[in-house]
Amino acid sequence: MLLTEKFGFLMHLTWITVLIRVALATLCGGSVGIERAYRGRPAGFRTHILVCLGASLTMMTNQFIFDTIGSTDPARFGAQVISGIGFLGAGTILVRKNNRVSGLTTAAGLWASACMGLAIGIGFYEGALLACAVILFTEHILLKADVKQKKFKKTVSFYVELSDVGQIGAMLNAIYKTNLSLKRVERSIADPARGNPAAVILEFSQDSGEDPVQMLVAVCQSPGVLFAEEIS
């Protein structure tokens, strides 16, 4: 049985239910935000609270208008929140110079926090609390599993900057003469601050258990290579 079925007053907008929903949105949003802030992510404690609280207030406003006028679509405001939160999520996604992407989990967490706030705002307390628990489980517990999984991956990638575009062929020829198994070569964007005109991403197979450090050394010793680092 849902709480709203057992306690019918929770479905109606009163000072008590508004206070409950605002407090719950602050608690759930803050719980997710604390985990992100602990990991130094760009959107942390306060951002998640504001997103969840704003979404909750949107649904309460929607319910208030529907109860007062009765001629509005009770799902219209919520739909705008779900689509509109994208601008904030996009601001947390960073693409670094070596094509490394970060912030995707934070952006997804913001979107999920907004949806959680919508559930709280309309009185779906059980769904919001369950979602909060799953979000925290995904961002904290499953992170450890993801890190362990990466240790067993069969490929390793390097971001490499060269002194000249014409050196790419010489570098690849040198790599082919080693025992390394090169799977993929992709052009990348070089760092203009170092004045390097060419950059590539090299993906190697680790089926034979090669040491990434030794692989990096081999790449660095190739002709024309000025800078190289492993990327995830």
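About the cut-offs
Residues numbered from 1 in each chain as written. Predicted model: local features only at pLDDT ≥ 70, side-chain atom pairs only at ≥ 80, totals over all residues. Heavy atoms only, no water. Salt bridge = Lys/Arg side-chain N within 4 Å of Asp/Glu carboxyl O. Buried < 20%, exposed > 50% of the residue type's maximum accessible area, 1.4 Å probe, protein only. Helix = DSSP H or I, 4+ residues; strand = E, 2+ residues; numbered from the N terminus. Core = buried A, V, L, I, M, F, W, Y, C linked by side-chain atoms within 4.5 Å. Contact = heavy atoms within 4.5 Å.

### Structural notes on the pattern of salt bridges
Side-chain pairs of opposite charge can arise whenever the charged atoms involved come near each other. On inspection of all chains with the given rule, the structure shows 2 salt bridges. Its salt-bridge partner being E186, residue R184 comes within 2.4 Å of it at the nearest N-O pair. The exposure class assigned to R184 is partly exposed, which follows from its relative accessible area of 35%. According to the relative accessible area criterion, E186 is partly exposed, its value standing at 31%. The salt bridge partner of E203 is R184, with a shortest N-O separation of 3.0 Å. Of this pair, E203 sits in strand β5 (residues 198-205) while R184 sits in strand β4 (residues 181-187), and the two are 19 residues apart along the sequence. Taking relative accessible area as the criterion, E203 reaches 15% and is therefore assigned buried.

### Some thoughts on the nonpolar core
Ranked by size, the top nonpolar core spans 17 residues in total, and within it V160, M171, L202, F204 and V219 carry the most contacts. Only β3 (155-162), α8 (167-176), β5, α9 (212-220) and β6 (225-231) provide two or more residues apiece to this core. Among residues more than four places away in sequence, those in contact with F204 are K154, T155, V156, F158, I175, L180, S181, L182, K183, M215 and V219. If you look at the next biggest cluster of nonpolar residues, it comprises 14 residues, including L10, I120, Y125 and A128.

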